Amino acid sequence: MCGIVGYIGSQDAYSILIEGLKKLEYRGYDSAGVALVNGSRLEVIKAKGELEQLENKVGAKFPNGSTGIGHTRWATHGAPSDVNAHPHCCCSGDFAVVHNGIIENYRFIREWMEEAGHKFQSETDTEVLAHLIKHFYNGDLLGSVQQALAQVEGSFALVAVARGKNDQMVCARKDSPLIIGLGKNENFVASDVPAILQYTRRIYILEDGEAARVTKDVVEVFSPEGKGVSKEVFHIDWDAVQAEKGGHPHFMIKEIMEQPHALRETMRGRLLEEGRKIDLSELNLTDEEIASTRRVFIVACGTSYHAGLVGKYAMERALRLPVEVDLASEFRYRDPLLDESSLVIVISQSGETADTLAALRLVRGKGVRVLAITNVVGSSVAREADKVLYTWAGPEIAVASTKAYITQLLALYLITLHMGRVRGAMDASALEEGGRAIFRLPEKVENVLGRERELKRFSAYLSRWENAFFIGRNMDFAVALEGALKLKEISYIHAEAYASGELKHGTLALIVEGIPVVALVTQKALQDKSLSNIKEVKARGGYVFCLAQEGMQGLEEELDEVFYLPATLDFLLPVISVVPLQLISYQAAVERGCPVDKPRNLAKSVTVE
Ligand code: F6R
């Protein structure tokens, strides 16, 4: 998720671009850059680091021009660096492009362009766009952008400018948001509203496949077929703070709502043909390496550790391979029994967690392979691991992890299917069934998000208690642990997660009249066993809110509240069942007036032991 701004008018574009980018820094902040068109000059300035670094580099001598584009980057392809920062240019420096999204077939296009004599400077997927535009250019910027985009597979929101063309910029989108701000004798393009809110509240929202030619007086929008589209003007009435959060009151709820998108981005290019085919060749794990693996270790902290617990159940069930899951802070001091047949998977959203990084170094020091699952390109974990599988959740700002967790689960499922195929542990029909079910997860998450209101009654009840319990068996237990952590960290309600069968070994003593108990019953094979544990709780006065899978009807007769989750394969249910748990934690924390995005005593990235 990167931030994009474009300006065309009669003012000094540089200051407007910088102000706009400042409002978008929450979308990504590892590097930034601008390109200004000034007659026959196209000046590009880029810098690694936060926007301030770019401003320092520019100093007091602002580049001239009243047409320009700017970008703040959240790295996907290529580590954060000056050269990988946007805008990207073709080799002649005639065209500059800023882009948000992922060009899936960039390797193929890069080879094609290189054979045609183009010289590349960066490691990014975006740079191919600038060379393609140059390749197709015959005097019409819009036409060459459209021809370039016709070659591209993947997602994009982009803006392009050309040397000598002060009078226009061209923008287009597919699966990545882009808006056009309408001013007086000036117009704007941005990936998100906050960038332009101080200049205009009138916008066009570009739809997928649309492209536009933007001059200072006119905005022409075209359909994918090249026909002119008459757009409706949309009026923004959010205030500036709301706008950064996409109209939501907190980053956490914004990020919860982004989960279907985060899942789609993470499966993009990896799960093909609606799930029938899986391509994880990016891992560079040879078939030999996969086949010779005798034991998997998953190492992480906090929410990422909880994702690892789900991964254990999925992998052991599908691969019949022993999987150990460790807290990184424990793993590093327990002298783990590793050898060359071990595969260690470290999971870290930030890629900077000190304990996870130390565990990774320890493993590599013993000559054992490490595969990292991380959300941050160029992070320490990504740089030091042997192989990396990125989650494409976009920047996670709220301290409580939500969209990173769900994409970590997805990454673990993809690895499971990939290893299952290579090891012959899953036959073709099991692989296809799994892949197709994974492909449909985003819409099932959307279903739960759309029923947010149904959870409010229980959240209000929960918010009045100081203690709560989460119970479940197997994968449901792993998700219960994550549910309890979410509730604790943002609402300050003391919550404990227990394996349902374990309650009677001590914890039942804590069940008192009315105490909230969140019970997960999503695994069909364990339904009856879980229900008898729930009855033990009910018999002692607990108030039971149950998450069950569609098709397990009739539970509401015995329990206080039941929320039915859309059905899928049992082993994929954690992706769906965690969503109501995130929502009830969020709703209860808001009800209690807690600072949801920045809970006390916590930091987003824990870089100390
Ligand atoms: C909880 C949370 C933390 C992190 C943990 C590990 O909501 O966010 O428990 O999961 O600090 O962080 P990463 O994944 O960045 O290594």
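This structure is a prediction, so every number in the text was calculated from the model and none was measured.

### Some words on the domain arrangement of the protein chain
For the protein chain, the domain assignment lists domain 1 (2-244), domain 2 (262-439) and domain 3 (450-591). The straight-line distance from the C-alpha centre of domain 1 to that of domain 2 is 34 Å. Of the residues lining the interface, 15 residues belong to domain 1; the matching set on domain 2 comes to eleven residues. Approximately 1,100 Å² of surface area, both sides summed, lies buried where domain 1 meets domain 2, with 64% of it carried by carbon and sulfur atoms. Where domain 1 meets domain 2, there are two salt bridges. Between Asp175 and Arg268 there is a salt bridge, with the nearest N and O atoms lying 3.2 Å from each other. Taken together, the residues of the side of domain 1 that touches domain 2 break down into seven nonpolar, five polar and three charged.

### What about the pairing of strand β18 (residues 295-300)?
Of all six residues in β18, five are buried, a share of seventy percent or more. Examined bridge by bridge, β18 and strand β19 (residues 323-327) share five bridges and lie parallel to one another. Paired with Phe297 across the strands is Glu324, a residue of β19.

### Re unusual backbone geometry
Along the chain, His86 connects to Pro87 via a cis peptide bond; the corresponding omega equals 0 degrees. Inspection of the secondary structure puts Pro87 in the loop between β4 (67-73) and β5 (88-89). Positive phi, close to 50 degrees, is recorded for Glu273, a residue that is not glycine. For Glu273, the position within the fold is in the loop between β16 (271-272) and β17 (277-278). In this model, Arg320 sits at a positive phi of 50 degrees, which is unusual for a non-glycine residue. If you trace the backbone, Arg320 turns up in the loop between α10 (302-319) and β19.

### Considerations on the sheet that holds strand β21 (residues 369-374)
Judged by pairing direction, the sheet is parallel, and its five strands sit side by side in the order β19-β18-β20-β21-β22 without closing on themselves. Of all the strands in the sheet, the pair left with one neighbour each is β19 and β22 (387-390). Taking the axes of each pair of neighbouring strands and ignoring which way they run, one obtains an average angle of 20 degrees across the sheet. Set on the sheet, α10 makes contact with β18, β19 and β20 (342-348); between it and β19 the angle comes to about 175 degrees. Across the sheet, helix α14 (residues 403-423) is in contact with β18, β20, β21 and β22; its angle to β21 comes to roughly 140 degrees.

### Looking at the site of the ligand
Within the structure, the ligand sits among 13 residues, and Ser304, Ser348, Ser350, Thr353 and Glu489 are positioned closest to it. Take Ser348: an N or O atom from its side chain is 2.6 Å from an oxygen atom of the ligand. Here an oxygen atom of the ligand sits 2.6 Å away from a polar atom, N or O, in the side chain of Ser350. The fraction of the free accessible surface of the ligand (410 Å²) that becomes covered by protein chains is 89%. At the level of secondary structure, the elements contributing two or more residues to the shell around the ligand comprise α10 and α18 (475-491).

### Brief notes about helix α20 (residues 573-591)
Because the α-helix completes a turn every 3.6 residues, residues three or four places apart line up on one side. Over its 19 residues, α20 runs 28 Å from end to end, which matches the ideal 27 Å to within 8%, given 1.5 Å per residue. Here α20 lies mainly inside the structure; 17 of its 19 residues are buried. A positive backbone phi angle near 70 degrees is found at Gly593, which sits one or two residues after α20.

### So, empty space enclosed by the protein
Within the structure shown, the criterion is met by one cavity of 30 Å³ or more. Counted as a void, the largest cavity has a volume near 60 Å³. If you go around the largest cavity, the residues you meet are Cys2, Arg73, Trp74, Thr76, His77, His86, His99, Gly101, Thr124, Asp125 and Thr126. Class assignment for the residues of the lining of the largest cavity results in two nonpolar, seven polar and two charged.

### Here's the deal with the sheet that holds strand β1 (residues 3-8)
Read across the sheet, eight strands follow the order β3-β2-β4-β1-β10-β9-β11-β15 without closing on themselves; strand pairing throughout is antiparallel. Looking along the sheet, the strands with just one partner apiece sit at the ends: β3 (41-48) and β15 (234-235). Two strands pair when backbone bridges link them, and strand β2 (residues 31-38) and β3 are joined in this way by eight bridges, in the antiparallel orientation. Of the residues in β3, the one forming a bridge with Ala35 is Val44. Taken strand by strand, helix α1 (residues 13-24) contacts β1, β2, β4 and β10 (187-190), and its axis lies near 155 degrees from that of β1. Seen against the sheet, helix α2 (residues 51-58) touches β2 and β3 and runs at an angle of roughly 130 degrees to β3.

### Some details on the nonpolar core
If you look at the biggest cluster of nonpolar residues, it comprises 120 residues, and the most contacted ones within it are Ile298, Met315, Ile345, Tyr413, Ile438 and Phe470. In terms of residues, this core owes the most to one element, α14, which gives twelve residues. Beyond its immediate stretch of four places on either side in the chain, Ile298 contacts Gly308, Gly311, Lys312, Met315, Val323, Glu324, Val325, Asp326, Ile345, Ile347 and Leu412. Counting 28 residues, the second largest nonpolar core, distinct from the first, contains Phe95, Val97, Tyr106 and Met113.

### Thoughts on the pattern of salt bridges
One pass over the full model with this rule turns up 39 salt bridges. Between Glu489 and Lys486 there is a salt bridge; the shortest N-O distance is 3.4 Å. Of this pair, Glu489 and Lys486 are both found in helix α18, three residues apart, which corresponds to roughly one turn of the helix. Residue Lys486 is classed as buried on the basis of its relative accessible area of 0%. Taken together, the shared-partner salt bridges in this structure form one network comprising Glu104, Asp175, Glu265 and Arg268.

### Concerning the packing of α18 against α20
Taken N-terminus to C-terminus, the directions of α18 and α20 make an angle of 20 degrees; their axes are 9 Å apart at the nearest point. The orientation of α18 relative to α20 falls into the category roughly parallel. As for how α18 packs across α20, the hand of that crossing is right-handed. In this structure, α18 uses Met475, Val479, Glu482, Gly483, Lys486, Leu487, Ile490 and Ser491 to contact α20, whose residues at the interface are Pro574, Ser577, Val578, Leu581, Ser585, Tyr586, Ala588 and Ala589. A per-class count over the contact of α18 with α20 returns ten nonpolar, four polar and two charged.

### Let's talk about the packing of aromatic side chains
Under the criterion given, the structure shown has 14 aromatic pairs. Their ring planes at 70 degrees and their centres at 6.5 Å tell us that Trp112 and Phe136 sit as a pair that is edge-to-face. Here Trp112, found in helix α3 (residues 106-115), pairs with Phe136, found in helix α4 (residues 127-136); they are 24 residues apart in sequence, far enough to count as distant. Chaining the aromatic ring pairs together yields one cluster made of Phe458, Tyr461, Trp465, Tyr543 and Phe545. Positioned above the aromatic ring of Phe563, the side-chain terminus of Arg451 is 4.1 Å from the ring centre. Taking the ring centre of Tyr492 as reference, the NZ or CZ of Arg600 above it sits at 3.7 Å.

Each value, and the rule that gives it
- Residues numbered from 1 in each chain as written.
- Predicted model: local features only at pLDDT ≥ 70, side-chain atom pairs only at ≥ 80, totals over all residues.
- Heavy atoms only, no water.
- Domains from an automatic or database assignment.
- Contact = heavy atoms within 4.5 Å.
- Buried area = accessible area lost by both parts, 1.4 Å probe.
- Salt bridge = Lys/Arg side-chain N within 4 Å of Asp/Glu carboxyl O.
- Nonpolar A, V, L, I, M, F, W, Y, C, P; charged D, E, K, R; others polar.
- Buried < 20%, exposed > 50% of the residue type's maximum accessible area, 1.4 Å probe, protein only.
- Helix = DSSP H or I, 4+ residues; strand = E, 2+ residues; numbered from the N terminus.
- Pairing = 2+ DSSP bridges.
- Axes fitted to C-alpha atoms, helices over the stretch in contact; angles between N-to-C directions.
- Near = heavy atom within 4 Å.
- Polar contact = N/O pair within 3.5 Å; in protein donor to acceptor, adjacent residues only side chain to side chain.
- Areas by Shrake-Rupley, 256 points an atom, 1.4 Å probe, with all protein chains shown as cover.
- Expected span 1.5 Å × (residues − 1).
- 1 Å grid on protein atoms, 1.4 Å probe; cavity = no way out; pocket = protein on both sides within 12 Å on 5 of 7 lines; lining within 4 Å.
- Points joined across faces, edges and corners; volume = space filled by probe spheres on them.
- Core = buried A, V, L, I, M, F, W, Y, C linked by side-chain atoms within 4.5 Å.
- Parallel < 35°, antiparallel > 145°, perpendicular 65-115°, else oblique.
- Left-handed = near helix turned anticlockwise from the far one by under 90°.
- Phe/Tyr/Trp six-rings, centres within 6.5 Å; stacked < 30°, edge-to-face > 60°.
- Lys NZ or Arg CZ within 6 Å of the ring centre and 35° of its normal.

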